[in-house]
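What follows is each chain in one-letter form.
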Amino acid sequence: MALVSEFLGQLTLGAGREARFPTVVPAVHFDPEKDASWIDTAIKTKGVDEAIIIDILTQRTYSQRREIAFEYERKTKKDMITALKAALSGSLENLILGLMKNTVQFDAFELRASMKGLGTDEESLIEIVCSRSNEELLEIKKVYKELFKKDLEKDVAGDTSGDFCRLLLSLVEAKREEPSNIVDLEKIDNDARALYDAGVKRKGTDVATWIAIFSERSVLHLQKVFERYNSYSPYDIKESIRKEVKGDLEKSFLTLVECFENKQLYFASKLNEAMKPKSVKDKVVTRIMVSRCEVDLMKIRMEFKTHFGKSLYQTILEVTKGDYQRALLNLCGGDD
């Protein structure tokens, strides 16, 4: 029983020390044996009953889904993930299979997919590497090695180049300082001035200095640095980034700043961009909804409503349809 042995070796991994604001929480009166039977029936139904599969798996936590998979395999002697893959297709399949991984495994698979084969999905790579905490990156590296027998650093180095590569590798090293209760005003001032001296003040950009500060200082420290930066530069840090660097490096630095300032607003903005009428980016929507539903999707929902004038729930209703829509609405966890 491959699935059981695989799951027994797994730990439900945390996502660092940040407070959690999930939309998917443990189901009350949870009965994994009954859920497994319902899923078995839904898969065997002529045409497949996607609604039952969706309503069970999107309204259980990862640890509960894992128990359902145990019971399914015990009952049917079949691997539930394999059965789901055969029964589903398209965006719904990707979403449901994503939910059968914990958040760290999901990130590891997404990173691998972004670098596997011809070409690189820089958007996925930037989003995950630039938005995850030290603790998350360390866990991702560990799981990536276990799953693919490869070092994440080596794959990043093989698939990217130049300063973009150097920034990503510095972040993946997870050497960011821990937040301190002591506000070091001198260090804040020195870093702010160093960013200015390495960029706007001179001709050409000393990217190495930017990378060191952005990848090694604590988030709280950098928030103070960016405030202080405005006393040296005629442009704020985002404007400076846009003036000094371009392409994937620019996107990466901007993503870092946005996540340092308000990570949930960053993800809300990504969802808003990905859910334009008639041009929905299912891959981006799925990645964010699956990876954040047990982390901070409730706060992302709040930021979405505050900044874009309508709720995430209503937006999903307007721009998606069918079973995929049903799954996203369940993960969303309600209207605002």
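Parameters and conventions
- Residues numbered from 1 in each chain as written.
- Predicted model: local features only at pLDDT ≥ 70, side-chain atom pairs only at ≥ 80, totals over all residues.
- Heavy atoms only, no water.
- UniProt positions renumbered as here; feature names shortened; annotations may be inferred.
- Phe/Tyr/Trp six-rings, centres within 6.5 Å; stacked < 30°, edge-to-face > 60°.
- Helix = DSSP H or I, 4+ residues; strand = E, 2+ residues; numbered from the N terminus.
- Buried < 20%, exposed > 50% of the residue type's maximum accessible area, 1.4 Å probe, protein only.
- pLDDT = per-residue confidence, 0-100.
- Contact = heavy atoms within 4.5 Å.
- Salt bridge = Lys/Arg side-chain N within 4 Å of Asp/Glu carboxyl O.
- Core = buried A, V, L, I, M, F, W, Y, C linked by side-chain atoms within 4.5 Å.
- Axes fitted to C-alpha atoms, helices over the stretch in contact; angles between N-to-C directions.
- Left-handed = near helix turned anticlockwise from the far one by under 90°.
- Nonpolar A, V, L, I, M, F, W, Y, C, P; charged D, E, K, R; others polar.

Per an unreviewed UniProt entry, the chain is named Annexin, and its organism is Tachysurus vachellii. Comment text from UniProt for the chain, heading Subcellular location (unreviewed entry), reads "Secreted, Extracellular space, Extracellular matrix, Basement membrane". You can read under Sequence similarities (unreviewed entry) in the UniProt record for the chain the words "Belongs to the annexin family."

Taken as a whole and judged by the stated rule, the model has nine aromatic pairs. With a centroid separation of 5.5 Å and 85° between ring planes, the pair formed by Trp 210 and Phe 253 is classed as edge-to-face. Of this pair, Trp 210 sits in helix H13 (residues 207-216) while Phe 253 sits in helix H16 (residues 247-274); the two residues are 43 residues apart in sequence, bridging distant segments of the chain. With a relative accessible area of 0%, Phe 253 lands in the buried category. Ring geometry for Phe 214 versus Phe 253: centroids 4.8 Å apart, planes at 65°, classification edge-to-face. You can see Phe 214 sitting in helix H13 and its partner Phe 253 sitting in helix H16, a full 39 residues away along the chain. Neither Phe 214 nor Phe 253 differs from the other in exposure class; each is buried.

Of all residues in the chain, 95% attain a pLDDT of 70 or more, and the chain-wide mean is 94. Across residues 1-16, confidence stays below pLDDT 50; counting only partners more than four residues off in sequence or on other chains, it has 36 contacts.

Overall, the coordinates contain 27 salt bridges when judged by the stated rule. Notably, a salt bridge pairs Lys 270 with Glu 123, separated by 2.9 Å at the nearest N-O pair. Highlighted residues: Lys 270 in helix H16 and Glu 123 in helix H8 (residues 122-131), separated in sequence by 147 residues. For the salt bridge of Lys 310 with Glu 318, the shortest nitrogen-to-oxygen distance reads 2.8 Å. Lys 310 gets classed as partly exposed once you look at its relative accessible area, which sits at 34%.

Leu 57, Leu 84 and Met 289 are the most contacted members of the largest nonpolar core, which has 50 residues in total. With near-sequence residues (within four places) excluded, Met 289 lies in contact with Leu 271, Leu 297, Leu 312, Ile 316, Leu 328, Leu 331 and Cys 332. Within the second largest apolar cluster, 43 residues are counted, among which are Leu 111, Leu 167, Leu 254 and Val 257.

Let us now look at the packing of H8 against helix H11 (residues 162-172). Interaxial distance between H8 and H11 falls to 10 Å at its minimum, and their mutual angle equals 35°. In terms of crossing hand, the pair formed by H8 and H11 is left-handed. Contacts between H8 and H11 involve Glu 122, Leu 125, Ile 126, Val 129 and Cys 130 from the first element and Phe 164, Leu 168, Leu 171 and Val 172 from the second. Split into classes, the residues belonging to the contact of H8 with H11 amount to eight nonpolar, no polar and one charged.

Among the structural elements, Arg 292 can be located in helix H17 (residues 282-292). C-alpha of Arg 292 to C-alpha of Ala 87: the two residues are 205 residues apart in sequence and 25 Å apart in space. Residue contacts for Arg 292: discarding those within four places in its chain leaves Arg 132, Lys 263, Phe 267, Leu 297 and Ile 300.

A word on the side chain of Gln 64. If you trace the backbone, Gln 64 turns up in helix H4 (residues 62-76). Take Gln 64: its relative accessible area is 6%, and that puts it in the buried class. When residues no more than four places from it in sequence are discounted, the contact partners of Gln 64 are Val 25, Pro 26, Ala 27 and Phe 30.

Its place among the elements puts Gln 105 in helix H7 (residues 103-115). Gln 105 sits in the buried class, given a relative accessible area of 8%. Through-space distance from the C-alpha of Gln 105 to that of Val 143 is 6.5 Å; in sequence the pair is 38 residues apart.

For His 29, which is not glycine, the phi torsion reads 50° and is therefore positive. When you line up the elements, His 29 lands in the loop between helix H1 (2-8) and helix H2 (32-44). Owing to a relative accessible area of 81%, His 29 belongs among the exposed residues under this scheme. In this structure, Lys 77 takes a positive phi of about 60° despite not being glycine.

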